[in-house]
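Residue strings, one per chain:
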Amino acid sequence: MARKIRVLVAKAGLDGHDRGAKVVASAMRDAGFEVIYTGLHQTPEMIVQAAVQEDVDAVALSILSGAHMTLFPRVLELMREKGIGDVLLTGGGIIPKADMTALRQMGVGELFGPGTSTTAIIEYIRGAAPGGAASRSAKAGSAR
Amino acid sequence: MANAARTETATERAKRETSDAETAEAPPALSGGENGAPASPTPLFETLSGIPVKPLYGPVDVKPGLEERLGEPGKFPFTRGLHPEMYRKRLWTMRQFAGFGSAEHTNQRFHYLLAQGMTGLSTAFDMPTLMGYDADHAMAFGEVGREGVAISSLEDMEILFRGIPLDQVTTSMTINAPAVVLLAMYVAVAEKQGIGAEKLGGTVQADMLKEFIAQKEWICPPRPSVKICVDMIEWCAKHMPKWNSISISGYHIREAGATAVQELAFTIADGIGYVEECVKRGMDVDEFAPRLSFFWDVHNDFFEEIAKFRAGRRIWAKLMRDRFGAKNPRSWQLRTHAQTAGVSLTAQQPLNNVARVAIQALAAVLGGTQSLHTNSMDETLALPTEEAATVALRTQQIIAHETGVTNVVDPFAGSYFVESLTDRMEEEAMSYIRRIDEMGGIIQAVERGFPQKEIADSAYRFQMQVEEGRRTIVGVNRFGGEEEISIPVLKIDPEIERRQIERVRAVRARRDAARWEQAMKDLRDACRSDKNLVPYVLDAVRAYATLGEISDVFREAYGVYREPAVF
Amino acid sequence: MSLVENGAPEAEALLERVYGARPAAPRVGVTGPPGAGKSTLVAELALLLRRRGKRVGVVAVDPTSPYTGGAILGDRVRMSELSTDPEVFIRSMATRGSLGGLAARTEELAELLSGWGSDITLIETVGVGQSELDVAQAADTTLVVLTPESGDAIQSLKAGLMEIADVFVVNKSDHAGADQLAAAIRSALALRPKAPWMPPIVRTVATERRGIEELHEAIEAHRAHLAGPKAQGGRREKIRARLKNAIRERLLEAAWERQGLGALLDRAADQVLGGTVSPYRAARDLIERITDHGERSKN
């Protein structure tokens, strides 16, 4: 069976503006991805445990509350701790350029601002997600 | 696959019509759009909500019986407005949202805005407050004071309104799940100023149904949440005759992606839901209905928005009189606040937002709003800067004092197009309302995720139209440059979080423990009964119980809401 | 897990290793029409099991879009209280359009969860059509969840849910119509031939955590029944069905790959399209080729 790209779409932080996350999730579905949608109010711990269990190729976070400089680094740190540092961490929200650059330097992937087309996001994930589900092999099944 | 195919045709179309874009003086590079979204000038001849629009309207487009559908301004069914003279007699209330950082900061902003000629206060709260967490809760980490003012205890509220005599202003508080706590705090602050609750004017949003539908800020599941809303409506009807106990909000529904028709339909369905619950409790409809208020979004489609305001008033008047048997004409009136559409603002070329806001504000005025907030041009990015907030207020003042539109009541009445659009919106909204009734009412519909799904579908459809270039957003998918988006962020000092945490801890340490304990116990017991909770919450805040503590009582008693995943 | 789900070559060895390493955790399937509250029920059951110190595995199945091949797997939304508990492993799975293969993949994922150390595995599945029957195959105990609102509840009973249920759950039983629904199930059950296990009807309000204990007891009772002598025939039947399924899958795959069935299928489709052959005839020809071990590979 053909390998599917699996993406975790999560809303981090307390704000409930899930319009963007839902639109992106629907667009990904229509692009043939399997989207694990966790819903709102996710803490970094919740996001990373889901990413581990769901064995995803990419984690896409939507953050509109302005807390991106605390949330992205924390998620990244936990991902590395749990052995999925190779999974792509990306996302979107209202994020100033300087913050985007700082986050990139930490190892976060591309971040998308307001007005981005869903096509751009999908193409980016297609290109940037690692072999993910296919390459991270046997540990997925037994060890976790 | 289907997606790729669609994009391709749109690109082709865009190529074909680049010449058109050039005549419009767009940089040619732009046909590709900023983010790969192809631009196409092929206009969609439909409203922003997808209602088809003909090139010309005439007498045949207006169904017979127009006079009856219109009525006189100030009379049933209020299509033409709530007052016979409208703005000639009294302008709308210019109410600008303010609130950021600490209570001290926001208090300063209030004083500044009142000095600028604003006539009502409007408070935004930060996310932890909106979700019922104190500043020192783990979920509040990094979010204290970020999107509004942080209120954890009565002490914060005392600081927020310091030096403002509460009987001389009206205050709107944008708060929902913990609204009962903030309302109680406001009353308690007034008590300390020696002002009785009966003298207080203002609004708490307190509309939980739209939270489940759109804004997604909740504590408990729908039924207990609505119960608490109804407690407030009931208590305010008895004790706060000048207070709007609820602001039934379409704004957030629209911002989440609904069409104008859906905004109208789901908001009015919410209103029906509250009225039904109040009536079930044995209240007389005329006892509370005059204090119900509404809150509309005003988006870009000029005529559609005007028609929405008019249709909304007519639908509500008929429902209240005919379905609920209200006798008092004030019960029939849909009084509304309006805010320009935040979702229509663009991060690209933010100065353009001033023009959008002006046009939207004009539509709200021509639609007959009672109160208006105009967004600041930078609101899509961050909390507004002072300059931007001032321009937004000035926009309203220009409409009020320079354009002359306030001289005439409902100037679009009789327009073939506007009347036909008003009728059409009423019909479509009523058809949604009937479907919701068939599901057993709005609470059931929300539990099933029906409005949520309809809105998600509309949001997705709109996004695809934009990406295919069938909808133009100036500066985003057409007429955009390659300019960097610079995001001026109003920096929130991280110190605020630390100080806020300290303050709430100090309050807990300092308060009269015995009094606090008794008030908390009484509240817990009341939650297990069907008693009205407002007096118990009031006692708890007087005893300096914090917002988080009171919300925890609700969580224990009623559980925590889990939303249905609908797409 | 993705290896197994993707049918990767290494998958079988992995499964072989997991199988038998630990006694297989019992599997509880949860199915019913959309909106019946299955996710909430699964979350509440899992929370109860956690309070009793059990490790819990969850396989949550959602449909793949037939048009795009993509899927939105949203069951975690209702399970957020479980989402930081390291003793709970939730895995979402898309149906990927393969109805026959769904049961096999579900079972394999359940086995991996068993290898991870789950004491019990809950399998939640979309409650429409064939997938219910598939989940019944993968589960030891199948819960069929109905609500008074799902007006099509009775229709669902007729459409095969009746046969697969080991326990009926009337969820949202505080809503009007719950009594009628329970009565309808009871009368439908009465029409069934006498069997060693009669499915009980449990009433729950999952959102308010009511009836979950009772539901757990019913699951335990069914488990005790399965361990008893009367159930051996049924279990053997299930294993037999599973083996048959596995063989069918592998045979089909072998035929597909080794004999270039894909190309033959294209040809046959053209012929049917052109009106030269009937679809029945075309299918018969193709089957003959497969069963002849490719000896007649002239074209």
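Residues numbered from 1 in each chain as written. Chains lettered and ligands numbered in written order. Predicted model: local features only at pLDDT ≥ 70, side-chain atom pairs only at ≥ 80, totals over all residues. Heavy atoms only, no water.

1. A short note on the overall build of chain C
A tally of regular secondary structure across chain C gives 11 helices and 8 strands. For chain C, the residues scored as buried account for 52% of the 299 residues in total. In chain C, 74% of the contacts between residues at least 6 apart in sequence involve partners at least 24 apart. Of the roughly 14300 Å² of accessible surface on chain C, 55% is carried by carbon and sulfur atoms. (Helix = DSSP H or I, 4+ residues; strand = E, 2+ residues; numbered from the N terminus. Buried < 20%, exposed > 50% of the residue type's maximum accessible area, 1.4 Å probe, protein only. Contact = heavy atoms within 4.5 Å. Areas by Shrake-Rupley, 256 points an atom, 1.4 Å probe, with all protein chains shown as cover.)

2. Thoughts on the overall build of chain B
Across its full length, chain B holds 23 helices and 9 strands. Expressed as a percentage of its 567 residues, the buried residues of chain B come to 62%. Taking all contacts inside chain B whose residues are at least 6 apart in sequence as the whole, residues at least 24 apart take part in 79%.

3. Some remarks on the sheet that holds strand β4 (residues 88–94) of chain C
All names here are of chain C. If you walk across this open sheet you meet the 7 strands as β4-β2-β5-β1-β6-β7-β8, and the pairing is parallel. Edge positions in the open sheet fall to β4 and β8 (201–203), since each of these has one partner strand only. Adjacent strand axes in the sheet meet at a mean angle of 20 degrees when their direction is disregarded. Two strands pair when backbone bridges link them, and strand β1 (residues 27–31) and strand β5 (residues 120–124) are joined in this way by 4 bridges, in the parallel orientation. Bridge pairing links Gly29 to Ile123 in β5. (Pairing = 2+ DSSP bridges. Axes fitted to C-alpha atoms, helices over the stretch in contact; angles between N-to-C directions.)

4. Section: the pairing of strand β4 (residues 88–93) of chain A
All names here are of chain A. Burial within β4 is extensive, with 6 of its 6 residues counted as buried. Taking every second residue as pointing to the same face, both faces of β4 are buried, with Leu88, Thr90 and Gly92 on one and Leu89, Gly91 and Gly93 on the other. The sheet contact formed by strand β3 (residues 58–63) and β4 spans 6 bridges and is parallel. Each bridged residue has a counterpart across the sheet, and for Ala58 the counterpart in β4 is Leu88. Once you follow β3 into helix α3 (residues 68–81) and on to β4, the crossover reads as right-handed. Examined bridge by bridge, β4 and strand β5 (residues 111–112) share 2 bridges and lie parallel to one another. Following the sheet pairing, Gly91 is matched in β5 by Leu111. (Right-handed = clockwise from strand over helix to strand, strands pointing away.)

5. Considerations on the packing of aromatic side chains
Residues and elements named next belong to chain B. All told, the structure shown has 22 aromatic pairs over all chains when counted by the stated rule. For the pair Phe212 and Trp218, a centre-to-centre distance of 5.9 Å together with 10 degrees between the ring planes defines the contact as stacked. Accessibility assignment for this pair places Phe212 and Trp218 in one class, buried. Relative to Tyr561, the ring of Trp218 has its centre 4.7 Å away and its plane inclined at 85 degrees; by these criteria the two rings are edge-to-face. (Phe/Tyr/Trp six-rings, centres within 6.5 Å; stacked < 30°, edge-to-face > 60°.)

6. Describing the pairing of strand β3 (residues 170–173) of chain B
Every regular strand shows the same layout, with side chains that alternate between the two sheet faces. All names here are of chain B. Sheet topology places strand β2 (residues 120–123) next to β3; 3 bridges connect them, and they run parallel. Across the sheet, the residue bridging to Leu121 is Thr171, located in β3. One ladder, built from 4 bridges, connects β3 with strand β4 (residues 201–204); its direction is parallel. Within β4, the position partnered with Met173 by the bridge is Val204. The parallel pair β3 and β4 is bridged by helix α7 (residues 179–192), and the resulting crossover is right-handed.

7. With respect to the domain arrangement of chain C
All names here are of chain C. Looking at chain C, the domain boundaries give domain 1 (2–227) and domain 2 (238–298). In this complex, domain 1 contributes 11 residues to the contact, which on the side of domain 2 involves 5 residues. A buried area of about 670 Å², summed over both sides, lies between domain 1 and domain 2, and 30% of it is on carbon and sulfur atoms. On inspection of domain 1 and its partner domain 2, the count reaches 0 salt bridges. Our enumeration of links across domain 1 and domain 2 arrives at 0 residue pairs in polar contact (both at pLDDT 80 or more). Looking at the side of domain 1 that touches domain 2, the elements that each hand over two or more residues are α4 (99–116) and α5 (130–138). If you tally residues by element for the side of domain 1 that touches domain 2, the top one is α4, at 5 residues. Of the residues contributing to the side of domain 1 that touches domain 2, the split by class is 3 nonpolar, 3 polar and 5 charged. (Domains from an automatic or database assignment. Buried area = accessible area lost by both parts, 1.4 Å probe. Salt bridge = Lys/Arg side-chain N within 4 Å of Asp/Glu carboxyl O. Polar contact = N/O pair within 3.5 Å; in protein donor to acceptor, adjacent residues only side chain to side chain. Nonpolar A, V, L, I, M, F, W, Y, C, P; charged D, E, K, R; others polar.)

8. Some words on the interface of chain B and chain C
Chain B puts 8 residues into the contact, and the matching count from chain C is 11 residues. Summing both sides of the interface, chain B and chain C together bury roughly 910 Å²; the carbon and sulfur share of this comes to 53%. When the buried surface of chain B facing chain C is broken down by residue, B:Arg562, B:Ala565 and B:Phe567 rank first, second and third, together holding 57% of it. Between the two partners, chain B and chain C, sit 2 salt bridges. Between B:Arg562 and C:Glu81 there is a salt bridge whose closest N-O contact spans 2.2 Å. Here chain B is connected to chain C by 4 residue pairs in polar contact (both at pLDDT 80 or more).

9. Quick look at the side chain of B:Ser293
All names here are of chain B. Within the secondary structure, Ser293 is located in strand β7 (residues 292–298). Accessibility expressed as a relative area gives 7% for Ser293, which makes it buried. Excluding its chain neighbours within four sequence positions, the residues that come into contact with Ser293 are Thr203, Asn244, Ile246, Ser247, Ile248 and Arg335.

10. Remarks on the state of the cysteines
The term disulfide refers to a covalent linkage connecting the sulfur atoms of a pair of cysteines. All told, the structure shown has 0 disulfides over all chains when counted by the stated rule. With no disulfide of its own, B:Cys236 lies closest to B:Cys278 among cysteine sulfurs, the gap being 11 Å. (Disulfide = S-S within 2.5 Å.)

11. With respect to the sheet that holds β4(A)
Here 6 strands make up an open sheet; going across it, the order is β5(A)-β4(A)-β3(A)-β1(A)-β2(A)-β3(C) and the pairing parallel. The sheet is open, and its two borders are formed by β5 of chain A together with β3 (71–73) of chain C, each paired with just one other strand. As judged from the 5 bridges shared by strand β1 (residues 6–12) of chain A and β3(A), these two strands associate in the parallel manner. Residue pairing across strands places A:Leu8 opposite A:Val59, the latter belonging to β3(A). Strand contacts of helix α1 (residues 19–30) of chain A: β1, β2 (34–42) and β3 of chain A together with β3 of chain C, with the helix running at about 170 degrees to β2(A), the strand carrying the most contacts.

12. Regarding the interface of chain B and chain A
With 41 residues of chain B at the contact, the number on the chain A side is 35 residues. On inspection of chain B and its partner chain A, the count reaches 1 salt bridge. On inspection of chain B and its partner chain A, the count reaches 9 residue pairs in polar contact (both at pLDDT 80 or more). Of all the elements in the fold, those that place two or more residues in the side of chain B that touches chain A are α5 (127–130), α8 (208–215), α10 (251–255) and α19 (450–467) of chain B. With 6 residues, the single largest contributor to the side of chain B that touches chain A is α19(B). Residues belonging to the side of chain B that touches chain A are distributed by class as follows: 23 nonpolar, 8 polar and 10 charged.

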